[in-house]
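Residue strings, one per chain:
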Amino acid sequence: MTAKIISGTETAKAIREELKVEVAELKEKHNVVPGLVTILVGEDPASQSYVSAKNKTAHALGIHSEQVTLDADTSEKDLLAMIDKYNKDDKINGILVQLPLPKHIDEGKVLYAIDPGKDVDGFHPVNVGKMVLGEQCFLPCTPHGVLELLIRAGVETSGAEVVVVGRSNIVGKPMVNLMLQKREAGNSTVTICHTRTKDMTAHTKRADIIIAAAGVPKMITADMVKDGVVVIDVGVNRIGMSESGKAILAGDVDFDSVKDKAAAITPVPGGVGPMTITMLMKNTVQAAKQAAGLI
Ligand code: GUN
């Protein structure tokens, strides 16, 4: 079997076209321009590249975007003061603080400080709680992107055995919660595997859908999956540098071997990555509509 490639690049492009139209209509009919601020503390190259891609995409869709870069030794107090400033800024509907933060800053405190109505990452406990309860909220961008990929690729999730590998707050935990909701791209029977799982293969081998988000390059190999599995690879691991200085990326899935057994698979790059950024834009538009009383 050779897998169908689920292209995040193509799916993201289609959603961005829809968003572009929506942003233009918001401006024309309601004089509303969605606004996003990204805050990066420090100079981690991967974070720098993610943040600049987010701002570039926002700009391309007609979303007002501001990019703040703070020194790695910025105090927690100063970061909290900056968040407070943007919480009160009417031009800004979405606030994104890029993670991870330097060790001297308490991540929980920072995420709590963001107004839940501007929490376009969906990381504030209010939004996390609403997500678990199945209420309307901002869904975290990467799991939200995975749902959209599954929907638009026509993958049947109802009753499916879904195995999520990885238990991070950003991907694994919300992913599990979303897949079991009574909604489109939900109703699955879900298992979560992590570093303490005794026999990972016993779980992955019976999965109809595997969502790999462990941050370990090529850890899901062909012998760990069954024929006809659908594989969503969330991993973006920098495994080297090309001669031209570009990062060489690998997913959490050994794409070359798994593609011969899978029914469908996402590539890295060009899979979940572009979807994450696109769902951030969708959340920012949602935040602007909420602030304007349109939803
Ligand atoms: N770091 C890695 N992924 C994310 C994300 O989705 N949002 C933020 N804020 N930081 C991240």
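Here's the deal with the side chain of T266
So, point 1. Its location among the elements puts T266 in the loop between β11 (264-265) and α10 (272-291).
So, point 2. A residue is classified by how much of its surface remains accessible, and T266, at 1% relative accessible area, is buried.
So, point 3. Among the polar contacts made by the side chain of T266, one reaches the main-chain amide nitrogen of D233 at a distance of 2.8 Å.
So, point 4. Dropping the residues within four chain positions of it, T266 is found in contact with I6, L149, V231, I232, D233, F255, G271 and V272.

Observations concerning the site of the ligand
So, point 1. In the vicinity of the ligand, the contacting residues are L96, V97, Q98, L99, D121 and F123.
So, point 2. In the model, a nitrogen atom of the ligand is placed 2.8 Å from a nitrogen or oxygen of the V97 main chain.
So, point 3. In this structure, D121 approaches the ligand through a side-chain N or O atom, which is 2.6 Å from a nitrogen atom.
So, point 4. Burial of the ligand by the protein chains amounts to 83% of its free accessible area of 280 Å².
So, point 5. In terms of residue class, the shell around the ligand is built from four nonpolar, one polar and one charged.

With respect to the sheet that holds strand β4 (residues 94-97)
So, point 1. The strand order β3-β2-β4 describes an open sheet built from three strands, whose pairing is parallel. Two strands lie at the open edges of the sheet, namely β3 (64-70) and β4, each paired on one side alone. Direction aside, neighbouring strands of the sheet carry axes that sit 15 degrees apart on average.
So, point 2. With seven bridges connecting them, strand β2 (residues 35-41) and β3 associate as parallel partners.

How each quantity is defined
Think of each chain on its own: its residues are numbered from 1, step by step along the sequence as written. For a predicted model such as this one, the threshold for reporting local features is a pLDDT of at least 70, and the threshold for listing and counting side-chain atom pairs is 80 or more; totals across whole chains, interfaces and linings nevertheless cover every residue. Side-chain descriptors were evaluated using all non-hydrogen atoms of the structure, hydrogens and water having been removed beforehand. A run of H or I in DSSP counts as a helix once it spans at least four residues, and a run of E counts as a strand once it spans at least two, with each numbered from the N terminus. The buried label goes to any residue with under 20% of its type's maximum accessible area, the exposed label to any with over 50%, and the partly exposed label to all in between, with areas taken from a 1.4 Å probe on protein chains only. Side-chain atoms alone can form a polar contact between residues adjacent in sequence; in general such a contact is a pair of N or O atoms within 3.5 Å, and within protein one must be able to donate a hydrogen while the other accepts it. Contact between two residues is taken to exist if any of their heavy atoms lie within 4.5 Å; hydrogens are not considered. When at least one non-hydrogen atom of a residue lies within 4 Å of a molecule or strand, that residue is treated as near it. The Shrake-Rupley method, run with a 1.4 Å probe sphere, supplies the accessible areas, and residue values consider only the shown protein chains as cover. Put simply, Ala, Val, Leu, Ile, Met, Phe, Trp, Tyr, Cys and Pro go in the nonpolar bin, Asp, Glu, Lys and Arg in the charged bin, and everything else, Gly too, in the polar bin. If DSSP finds at least two bridges between two strands, the strands pair. Convention adopted: a line fitted to C-alpha atoms gives each axis, helices being fitted over their contacting stretch, and angles between N-to-C directions are expressed from 0 to 180 degrees.

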